[in-house]
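Take a look at the letters that make up each chain.
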Amino acid sequence: MTDAGSYPITYTGYYDAECRPVRGVVPVEEAITLYANGQPLVSLMCTPTQLEELALGFLFNEGLIAGLDDVAVIELRGRERCVDVWLEHDIETPRLRIITSGCSGGITFEDVTDAHHQVESDLRVTPQQVTQLMEELSRIAVLYHRAGGLHAAALADGEQLLCAVEDVGRHNALDKIAGSCLRQGWPTHDHILLTTGRLTSEMVNKVARMGVPIVISSTAPTSLSVQLAQAWGITLIGYTRRRSFRVYAGAERVVAAPTPGPSPNFGGGEREG
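Residues numbered from 1 in each chain as written. Predicted model: local features only at pLDDT ≥ 70, side-chain atom pairs only at ≥ 80, totals over all residues. Heavy atoms only, no water.

## Some words on the overall build of the chain
Item 1. Helix and strand counts for the chain stand at 6 helices and 14 strands.
Item 2. With 273 residues in all, the chain has 50% of them scored as buried.
Item 3. Of the contacts made within the chain by residues no fewer than 6 positions apart, 53% connect residues no fewer than 24 positions apart.
Item 4. Accessible surface for the chain amounts to roughly 14300 Å². Of this, 49% is attributable to carbon and sulfur atoms. (Helix = DSSP H or I, 4+ residues; strand = E, 2+ residues; numbered from the N terminus. Buried < 20%, exposed > 50% of the residue type's maximum accessible area, 1.4 Å probe, protein only. Contact = heavy atoms within 4.5 Å. Areas by Shrake-Rupley, 256 points an atom, 1.4 Å probe, with all protein chains shown as cover.)

Printed below as a string of structure tokens:
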């Protein structure tokens, strides 16, 4: 089975001393151009699924829109190689484009070292929730299991995944989450963000813009992402495995699950005389 995210190929598989042709799929990677108010804003290398969500999330995470009320029209054109967004206000096209450390050449207009975010939340998570939610993300990453080579991301409320996306770029996956939540009217603050991608500074910046207090990854953070998470009040969890993980910042939000205690005695016992 193929879809917009996978490309059918025949490759040569080697199995010990035997080799044979195998029909399979690889993830699709294409350049998609985002236009804002009729002007080209940025080209993104991405998996061409949920492109409107990707565009909305990118605009939101770059601080160019505050919500759907800022968007007049959004449409796909040019055989879906372009996303055309018309806003309710003018924007000044940023001149400085920072090439990030992301897969597929991530781009941001913001110098995160100058950003000042603060995420305040009473949300807590248990160790069991951390590992169970990541296991659920791995289970539902359908395109990854079929084609490999993609990143998955999801937003969770602590008990279940609310939405999940996949993309060849880990930054794109976070933007798709933000865009999906904007379209559905779902808040991202006081929720948990899950990702299979490396946690770099620009990833933490996107998390902070979404107001997410807890981010969980299956891999590592960078030194700058840890410093930013500590400064911005974000809990940063990495290297999540079936029974283990590492908390690099905000460990106070990871709490042990309550254990049932003895039933209280409301009568029937002996009185002191």
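So much for the structure itself; the text now carries on.
## Considerations on the sheet that holds strand β14 (residues 246-249)
Item 1. Pairing in this open sheet of 6 strands is mixed, and the strands run β10-β9-β11-β12-β13-β14 from one edge to the other. Of all the strands in the sheet, the pair left with one neighbour each is β10 (161-167) and β14. Across the sheet, the mean angle separating the axes of adjacent strands is 20° when strand polarity is ignored.
Item 2. As defined by bridge partners, strand β13 (residues 235-238) adjoins β14 across 3 bridges and the pair is classed as antiparallel. From the neighbouring strand, L236 faces β14, where its bridge partner is A249. (Pairing = 2+ DSSP bridges. Axes fitted to C-alpha atoms, helices over the stretch in contact; angles between N-to-C directions.)

## Describing the environment of P213
Item 1. Looking at the secondary structure, you find P213 in the loop between α5 (201-209) and β12 (214-217).
Item 2. For the pair formed by P213 and L193, sequence separation is 20 residues and the distance between their alpha carbons is 8.4 Å.
Item 3. Not counting the four nearest positions on each side in its chain, P213 is found in contact with V119, S121, L123, D190, H191, G233, I234, T235 and R253.

## Some words on the sheet that holds strand β3 (residues 30-36)
Item 1. Across the sheet, which stays open at both edges, the 4 strands sit in the order β4-β3-β6-β5 with mixed pairing between neighbours. Only two strands of the sheet have a single partner each, and these edge strands are β4 (39-46) and β5 (71-77). Sheet twist, expressed as the mean angle between neighbouring strand axes with direction ignored, is 20°.
Item 2. In this structure, β3 lies alongside strand β6 (residues 82-87), joined through 4 bridges in parallel fashion.

## Digging into the pairing of strand β1 (residues 6-15)
Item 1. Relative to strand β2 (residues 18-27), β1 is paired through 10 bridges, and the arrangement is antiparallel. Bridge pairing links I9 to G24 in β2.
Item 2. Remark: 2 residues form the turn of the hairpin made by β1 and β2, two consecutive strands paired antiparallel; D16 in that turn has positive phi of roughly 60°.

## Brief notes about the environment of L236
Item 1. For L236, the position within the fold is in strand β13.
Item 2. A sequence separation of 23 residues divides L236 from P213, and the C-alpha atoms of the two residues are 8.7 Å apart.
Item 3. If we skip the residues at most four places from it in the chain, L236 touches L199, V204, V215, P221, S225, V226, A229, R246, V247, Y248 and A249.

## Concerning the packing of aromatic side chains
Item 1. One pass over the full model with this rule turns up 0 aromatic pairs.
Item 2. Lying across the ring of Y15, R20 places its NZ or CZ 4.3 Å from the centre. (Phe/Tyr/Trp six-rings, centres within 6.5 Å; stacked < 30°, edge-to-face > 60°. Lys NZ or Arg CZ within 6 Å of the ring centre and 35° of its normal.)

## Some points on the packing of helix α4 (residues 170-184) against α5
Item 1. At a closest axis distance of 10 Å, the pairing of α4 and α5 adopts a crossing angle of 5°. Judged on the interaxial angle alone, α5 and α4 are roughly parallel. Side by side, α4 and α5 meet where R170, H171, L174 and D175 of the first sit next to E202, M203, K206 and V207 of the second.
Item 2. For the contact of α4 with α5, the residue count by class is 3 nonpolar, 1 polar and 4 charged. (Parallel < 35°, antiparallel > 145°, perpendicular 65-115°, else oblique. Nonpolar A, V, L, I, M, F, W, Y, C, P; charged D, E, K, R; others polar.)

## A look at helix α2 (residues 127-140)
Item 1. The first and last C-alpha atoms of α2 sit 21 Å apart over 14 residues, in line with the 20 Å expected at 1.5 Å per residue.
Item 2. Among the residues of α2, Q129, V130, T131, L133, M134 and L137 are the ones counted as buried.
Item 3. In this fold, the buried residues of α2 make contact with β9 (151-156), β10, β11 (192-195), β12 and β13. (Expected span 1.5 Å × (residues − 1).)

## Description of unusual backbone geometry
Residues apart from glycine generally show negative phi values, whereas peptide bonds are mostly found in trans.
Item 1. For N37, which is not glycine, the phi torsion reads 55° and is therefore positive.
Item 2. Looking at N37, the relative accessible area reads 18%, which means it is buried.
Item 3. Although it is not a glycine, Y239 adopts a positive phi angle of roughly 50°.
Item 4. For Y239, the location among the structural elements is in the loop between β13 and β14.

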